[in-house]
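Okay, here's what each chain looks like letter by letter:
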Amino acid sequence: MTLVDVINLFDTDEKCREILVRLRWPNGVECVRCKMPAVELETEKQLFYCRDCNYQFTVTAGTIFNDSHLPLQKWFLATLLLCEARKGMSANQIKRTIWGQHKGSYKTAWYLCHRIRAAMKEVDQPMLDGTVEMDETYVGGKNRGGGQGARLANKEVVIGLRQRNGDLRFFHAEDAKSGTLMKYIQENVSTDVEVLITDSFPAYKHAVGNAEHKTVNHVAGEYVRYENGACVTTNTVESAFSLLKRGIMGSWHKISAKHLPAYLDEMTFRFNRRKSANLFLDTLRHMVTAPVLTFDKLTG
Ligand SMILES: [Zn+2]
């Protein structure tokens, strides 16, 4: 789906609603209150009616689109832009691209982006298996002088896990201590994992538990090693980190610790679907099925 496709295919509110109905209820419209099959009440307003509980609703009821006064086409355009920007796109850029330099408000664009991002949060993900790479990195904060400890003190820890030829996950962690690393391994990596590869950071040694563990010694300049034909490296998770960092530097500028998890969700959602032809529709599907994000919740 290209920007031109979105402009041509979804040029009216009605057409936008039609696709949302199909994505939200692939097996027929059901009541948002009691889940019973519902009927269309008024084709023009695309209002649905439940005969069981007398409830009337539209396709955006109870979704992140709810209470939005923006035309759906604006939502669709912003979604496409966020899907296609590999390193992400700032709310300011979205505002300028969709509304223009002097129109629209930054706040509207910012809230819009955050709601789309909230829909990109994955739930019930399967455990990672096979060869899994794990690494940690530091983002945000200012590079002040001092030793390494002082430089890292005001930065946020991001833990990355990536199944070789599979999914990527990022987490905003409290720290990179052994117990913290262990928690992320236990929550995301199958106990049957073939091998877990990390760098030689000592905290991993205890964190991996009984899993097969191999390390590459970055301090000694080692990045890739071959063992019995198997490639021992953390390069694939590190390449995802560099994309994240370029995103933070280039498009988001400054991310507060509070919103970092949402940016990480956006990044991994897009990354894990980068070869999918359905990224845009998949995102829309999440937008009509994900929990609602209110402005109060976002700013509270
Ligand atoms: Zn009902």
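Coordinates for the structure precede this section.
The residue numbering used here restarts from 1 in each chain and proceeds along that chain's sequence as written. Note on the predicted model: pLDDT of at least 70 is required for a residue's local features to be given, and 80 or more for side-chain atom pairs to be given and counted; whole-chain, interface and lining totals, by contrast, use all residues. Side-chain descriptors were evaluated using all non-hydrogen atoms of the structure, hydrogens and water having been removed beforehand.

Focus on the coordination of the zinc ion
A 2.8 Å cut-off from the metal defines N, O and S donors, relaxed to 3.2 Å for Na, K and Ca; water is not in the atom list, so some sites may appear incomplete. Surrounding the zinc ion are the protein donor atoms C31 (SG), C34 (SG), C50 (SG) and C53 (SG), at 2.2 to 2.3 Å. Working rule for geometry: tetrahedral if four donors all subtend angles between 85 and 135 degrees; square planar for four, octahedral for six, if opposite donors exceed 155 degrees and the others stay between 65 and 115; irregular in every other situation. For the zinc ion, the 4 donor atoms in the first shell make angles of 101 to 120 degrees at the metal, so the coordination geometry reads as tetrahedral. All donors of the zinc ion belong to a single chain; written as a sequence motif, their spacing is C-x2-C-x15-C-x2-C. Within this pair, whereas C31 is found in the loop between α2 (13–24) and β1 (39–42), its partner C53 is found in the loop between β2 (47–49) and β3 (56–57), the two being separated by 22 residues in sequence. Each helix corresponds to a stretch of at least 4 residues labelled H or I by DSSP, and each strand to a stretch of at least 2 residues labelled E; elements are numbered beginning at the N terminus.

Some details on the pattern of salt bridges
Note on definitions: salt bridges are taken to be side-chain nitrogens of Lys or Arg within 4 Å of carboxyl oxygens of Asp or Glu. A complete count under the given rule lists 13 salt bridges for this structure. Between D265 and K121 there is a salt bridge, with the nearest N and O atoms lying 3.9 Å from each other. A residue pair is termed long-range when its members are at least 10 positions apart, and D265 in helix α10 (residues 260–272) and K121 in the loop between α5 (106–119) and β4 (131–139) qualify at 144 residues. D265 sits in the buried class, given a relative accessible area of 17%. In this scheme, a residue with accessible area under 20% of its type's maximum is buried, one over 50% is exposed, and one in between is partly exposed, where area comes from a 1.4 Å probe on protein chains only. Residue classification places K121 among the partly exposed positions, given a relative accessible area of 49%. Here E122 and R273 are joined by a salt bridge, their closest N and O atoms 2.7 Å apart. Note that E122 is positioned in the loop between α5 and β4 and R273 in the loop between α10 and α11 (279–289), a separation of 151 residues in sequence.

As for a negative patch on the surface
Patches here: salt-bridge-free residues with over 30% relative accessible area, like charges joined within 9 Å, nonpolar side chains (Val, Leu, Ile, Met, Phe, Trp, Tyr) joined within 5 Å. Residue-level accessible areas treat just the shown protein chains as cover; the underlying method is Shrake-Rupley with a 1.4 Å probe. Counted as positive: Lys and Arg. Counted as negative: Asp and Glu, with His and the chain ends omitted from the count. Taken as the charge centre is NZ of Lys, CZ of Arg, CG of Asp or CD of Glu, depending on the residue. On the surface, E14, E18, E40, E42 and E44 cluster together into a negatively charged patch. Of all the elements in the fold, those that place two or more residues in the negative patch are α2 and β1. Relative to the helices and strands, E40 is located in strand β1.

Brief notes about the sheet that holds β4
Each strand in a sheet pairs with another by means of backbone hydrogen bonds, the pair being arranged parallel or else antiparallel. The strand order across the open sheet built from 5 strands is β6-β5-β4-β7-β8, with neighbouring strands paired in mixed fashion. Two strands close off the open sheet at either side, each with one partner strand: β6 (168–173) and β8 (213–216). On average, each strand axis in the sheet is tilted by 25 degrees relative to the strand beside it, whichever way the strands run. Sheet topology places strand β7 (residues 195–199) next to β8; 4 bridges connect them, and they run parallel. Across the sheet, the residue bridging to D199 is V216, located in β8. When DSSP finds two or more bridges between a pair of strands, those strands are recorded as paired. For helices, the axis comes from a line fit to the C-alpha atoms of the stretch in contact; other axes are also lines fit to C-alpha atoms, and the angle between any two N-to-C directions lies between 0 and 180 degrees.

Notes on the packing of helix α3 (residues 72–84) against helix α4 (residues 91–98)
Each packed pair of helices is defined by two parameters, the angle between the axes and the distance between the axes. Between α3 and α4, whose axes approach to 11 Å, the crossing angle comes to 130 degrees. Relative to α4, the element α3 lies oblique. Every pair of crossing elements has a handedness; the one defined by α3 and α4 is right-handed. Facing K74, L77, A78, L81 and L82 of α3, the residues of α4 in contact are I94, T97 and I98. Here the angle decides the label: under 35 degrees means roughly parallel, over 145 means roughly antiparallel, 65 to 115 means roughly perpendicular, and every other value means oblique. Left-handed is the label given to a crossing in which the near helix is rotated counterclockwise from the far helix by less than a right angle, and right-handed is the label when the rotation is clockwise. Contacts were defined at the residue level, with two residues in contact if any of their heavy atoms lie within 4.5 Å.

Digging into α4
Taken together, the buried positions of α4 are A91, I94, K95 and I98. Buried positions in α4, seen along its axis, are confined to an arc of 100 degrees and lie on one side of it. Packing partners of the buried residues in α4 comprise α3 and α5. In the segment just after α4, G100 is the residue with positive phi, at about 100 degrees. This arc is taken over the directions from the axis of the helix to the C-beta atoms.

A word on the packing of α2 against α3
Their axes nearest at 8 Å, the elements α2 and α3 cross at an angle of 60 degrees. Put simply, α2 runs oblique to α3. Here α2 contributes D13, C16, R17, I19 and L20 to the contact with α3, which in turn contributes L72, Q73 and F76. Residues are grouped as follows: Ala, Val, Leu, Ile, Met, Phe, Trp, Tyr, Cys and Pro are nonpolar; Asp, Glu, Lys and Arg are charged; every other residue, Gly included, is polar. Its residues assigned to classes, the contact of α2 with α3 shows 5 nonpolar, 1 polar and 2 charged.

Function-wise, these values are silent; they only describe arrangement.
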